[in-house]
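Commentary on secondary and tertiary structure
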Amino acid sequence: MINEKNRCIILPMHLQLFAEGGGGGEKTEQATPRKKEKAREEGQVAKSNEITTTFMLVIMFASIKILGPDIINRTIGLMVEITNLFGTSEITPHFANKLMQHIWIEGAFMIAPLCFISFVVAFLANILQVGWKPSMKPMQPKLSNISPISGLKRMFSLKTVVELIKSIIKIVIIMIIVYFSLREYENLIYLFYELPILETYALIMNIALDLGIRIGMFFMIVAVIDYIYQKFSLAKKLKMSKQEIKDEYKLSEGNPEIKSKIRQRMREASMRRMMQDLPKADVVITNPTHFAVAIKYDEQTYGAPYVLAKGADIMAGRIKSKANELNIQIVENKPLARTLYYTVEIGDEVPPELYQTVAEVLAFVYNLKNSQKEGARV
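Residues numbered from 1 in each chain as written. Predicted model: local features only at pLDDT ≥ 70, side-chain atom pairs only at ≥ 80, totals over all residues. Heavy atoms only, no water.

Some points on helix H11 (residues 314-325)
Cut-off, in case you're wondering: A run of H or I in DSSP becomes a helix once it reaches four residues, and a run of E becomes a strand once it reaches two; helices and strands are each numbered from the N terminus. Expected span of a helix: the number of residues minus one, times 1.5 Å.
In this model, H11 (12 residues) spans 17 Å end to end at C-alpha, consistent with the 16 Å of a helix rising 1.5 Å per residue. Positive phi shows up at Asn327, right after H11, with a value of about 60°.

See below:
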């Protein structure tokens, strides 16, 4: 807009565009369950790879200790078998092919249990962290994943630098643990040349197991810290602005203004139905100014008297006015009118504890109608 007096141009500015996120204000609110669920479907979960590494490290060392003797025995047996074959068979291409197949099959049988255990451990470690809810969205191709520019941004991002520093620190600490652990076995290592193969294997397994326990304890500490950090990082990433929460509420629950209009129309329709049914009432029980409850008793349809209509204040006045027009008897009973209004819905039967009181009112109304009929005959 141009100001004619000062000849200056006034441009409308939308300040929300300069807020964090460009249109929702500062993200200070915790993520709603709906946003958390949506993030989970997209693969955004608080998951620490360190926990998986720790589980696999500990379980694999335990598995090697348990399965190690069998692997060694089978390896020795295979070597003896190969040596005997070389001494008794002619070396031909066919023989070499069969021998390699045999070695591959035996090696696969020896390694298969460890591979299966590592797969199960990795699977369970992830399930324990994020639960079981598979999603294919993270596997869907995205242009940003193959974009060179996006790739360079990820390579030189703060997150990548932090992960690199973490990896270097972990490697340095593991090297320190290995160094001081081997220092304790320094004298025993020199005996490797003198011990039989099985005793050498047992010594190596003890050293490896001790190393595994120490490194595993270190990784446990790292895993706990990393998991807490991942939870905090995800919560911060999913934070929402107040405007985003309002928009989400409108999408999930519907626009409050529209819902209010719908409820108003439903109330109006209910009132119209109620006023249409009012001529069927036997009596209207009032407060007398605040509440009005219309009662009907039809022994063929209901087992007890039921509420045909009810209202408070203005609606109570409308019910009483309509009742006067229809010559329906109005009975004043403050406690009964209040109790019926608050405890019985329209169309519901009167509760048993009010049978006696309502019956007395109906009996009074029926007697009054009978008296009026007899008086009219006379």
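Here we look at the environment of Leu278
What counts is decided by this rule: Only protein chains enter the accessibility calculation, which uses a 1.4 Å probe. A residue is then buried if its area is under 20% of the maximum for its type, exposed if over 50%, and partly exposed in between. In this analysis, two residues are considered to be in contact whenever any of their non-hydrogen atoms come within 4.5 Å of each other.
With respect to the helices, strands and loops of the structure, Leu278 is situated in the loop between helix H10 (256-277) and strand S3 (283-286). On the basis of relative accessible area, Leu278 is assigned to the buried category, the value being 0%. The spacing of Leu278 and Ala309 is 31 residues in sequence and 6.6 Å in space, taken between C-alpha atoms. Ignoring anything within four residues of it in the chain, the contact list for Leu278 reads Ala294, Leu308, Ala309, Ile319, Lys322, Ala323, Leu326 and Ile328.

Topic: helix H12 (residues 334-343)
Just so we agree on the cut-off: Directions are taken from the helix axis to each C-beta atom, and the arc is the one they span. Whenever a nitrogen or oxygen atom comes within 3.5 Å of another N or O atom, the pair is scored as a polar contact, on the condition that within protein one atom can donate a hydrogen and the other can accept it, and that pairs from neighbouring residues in sequence are kept only if both atoms are in side chains.
When we look at burial in H12, the residues that qualify are Leu336, Ala337 and Leu340. Each buried residue of H12 lies within a common arc of 100° when the element is viewed along its axis, so the set occupies one face. When the buried face of H12 is taken as reference, the exposed residues oriented beyond 90 degrees from it are Pro335, Tyr342 and Thr343. Capping the start of H12, Asn333 holds a side-chain oxygen 3.2 Å from the backbone nitrogen of Leu336, two or three residues further along.

Remarks on the confidence of the model for the chain
For clarity, the cut-off: Along the chain, pLDDT gives the predictor's confidence residue by residue, from 0 to 100.
Considering every residue of the chain, the mean pLDDT works out to 76; 79% of them sit at 70 or more. Counted against residues more than four places away or in other chains, residues 1-23, with its pLDDT under 50, gives 16 contacts.

Notes on the nonpolar core
Convention followed: Among buried residues, the Ala, Val, Leu, Ile, Met, Phe, Trp, Tyr and Cys ones that are joined through side-chain atoms within 4.5 Å form a nonpolar core.
Of all hydrophobic cores here, the largest spans 17 residues; its most connected members are Val283, Ile285, Ile295, Leu336, Leu340, Val358 and Val361. When contributions to this core are tallied by element, the ones reaching two or more residues are S3, strand S4 (291-296), H12 and helix H13 (355-377). Element by element, the count of residues in this core is highest for H13, at four residues. Excluding residues within four positions of it along the chain, Ile285 makes contact with Phe291, Ala292, Val293, Ile295, Val331, Asn333, Leu336, Ala337, Leu340 and Val361. With 15 residues, the next largest nonpolar core counts Ala281, Val284, Met315 and Ile319 among its residues.

Quick word on the packing of aromatic side chains
We apply this condition: In summary, the pairing rule links any two rings of Phe, Tyr or Trp, Trp by its six-membered ring, whose centres are within 6.5 Å, and it sorts them by plane angle into stacked for under 30 degrees, edge-to-face for over 60 and tilted for everything else. The rule for a charge over a ring is simple: NZ of Lys or CZ of Arg within 6 Å of the ring centre, and within 35 degrees of the ring normal.
Under the defined criterion, the tally for this structure stands at six aromatic pairs. Where Tyr179 meets Phe180, the ring centres are 5.2 Å apart and the plane angle is 80°; that geometry is what we call edge-to-face. Overall, the relative accessible area of 51% leaves Phe180 in the exposed class. Seen in terms of ring centroids, Phe291 and Tyr342 are 5.5 Å apart; in terms of plane orientation they differ by 65°. Their pairing is edge-to-face. Residue Phe291 is located in strand S4, and its partner Tyr342 is located in helix H12; the two are separated by 51 residues in the primary sequence. Overall, the relative accessible area of 6% leaves Phe291 in the buried class. We classify Tyr342 as exposed; its relative accessible area is 55%. Feature note: the residues Phe291, Tyr341 and Tyr342 constitute an aromatic cluster, connected by ring pairs. Between Lys310 and the ring centre of Tyr341, over which it is positioned, the NZ or CZ distance is 5.0 Å.

Notes on the sheet that holds strand S6 (residues 329-332)
To keep things clear, this is the line we draw: The rule for pairing is simple: two strands pair if DSSP sees at least two bridges between them. Axis definition: a line fitted to C-alpha atoms, limited for helices to the stretch in contact. Angles are taken between N-to-C directions and run from 0 to 180 degrees.
Sheet architecture is open: four strands sit in the order S5-S4-S3-S6, paired in mixed fashion. Taken across any chain shown, the strands that pair with only one partner, and hence form the sheet edges, are strand S5 (306-312) and S6. Across the sheet, the mean angle from the axis of one strand to that of its neighbour is 25°, orientation sign disregarded. When S4 meets S5, the two strands line up antiparallel, connected through six bridges. Across the sheet, Ala292 pairs through a bridge with Gly311, a residue of S5. With respect to the sheet, H11 is in contact with S3, S4, S5 and S6, its orientation differing from that of S5 by roughly 125°. Sheet strands touched by H12: S3, S4, S5 and S6. Its angle to S4, the strand with the most contacts, is close to 80°.

Brief notes about the pattern of salt bridges
Keep this limit in mind: By definition, a salt bridge exists where a carboxyl oxygen of Asp or Glu is found within 4 Å of a side-chain nitrogen of Lys or Arg.
In total, this model carries seven salt bridges according to the counting rule given. Where Asp210 meets Arg214, a salt bridge forms, and the shortest distance between an N and an O atom there is 3.3 Å. One end of the pair, Asp210, and the other, Arg214, are both in helix H8 (residues 197-237), four residues apart, so they sit about a helical turn from each other. Note on Arg214: relative accessible area 27%, which makes it partly exposed. The salt bridge partner of Glu345 is Lys310, with a shortest N-O separation of 3.9 Å. Taken together, the positions of Glu345 in the loop between H12 and H13 and Lys310 in strand S5 put the pair 35 residues apart, joining distant regions of the chain. Through salt bridges with shared partners, one network takes in Glu184, Asp210 and Arg214.

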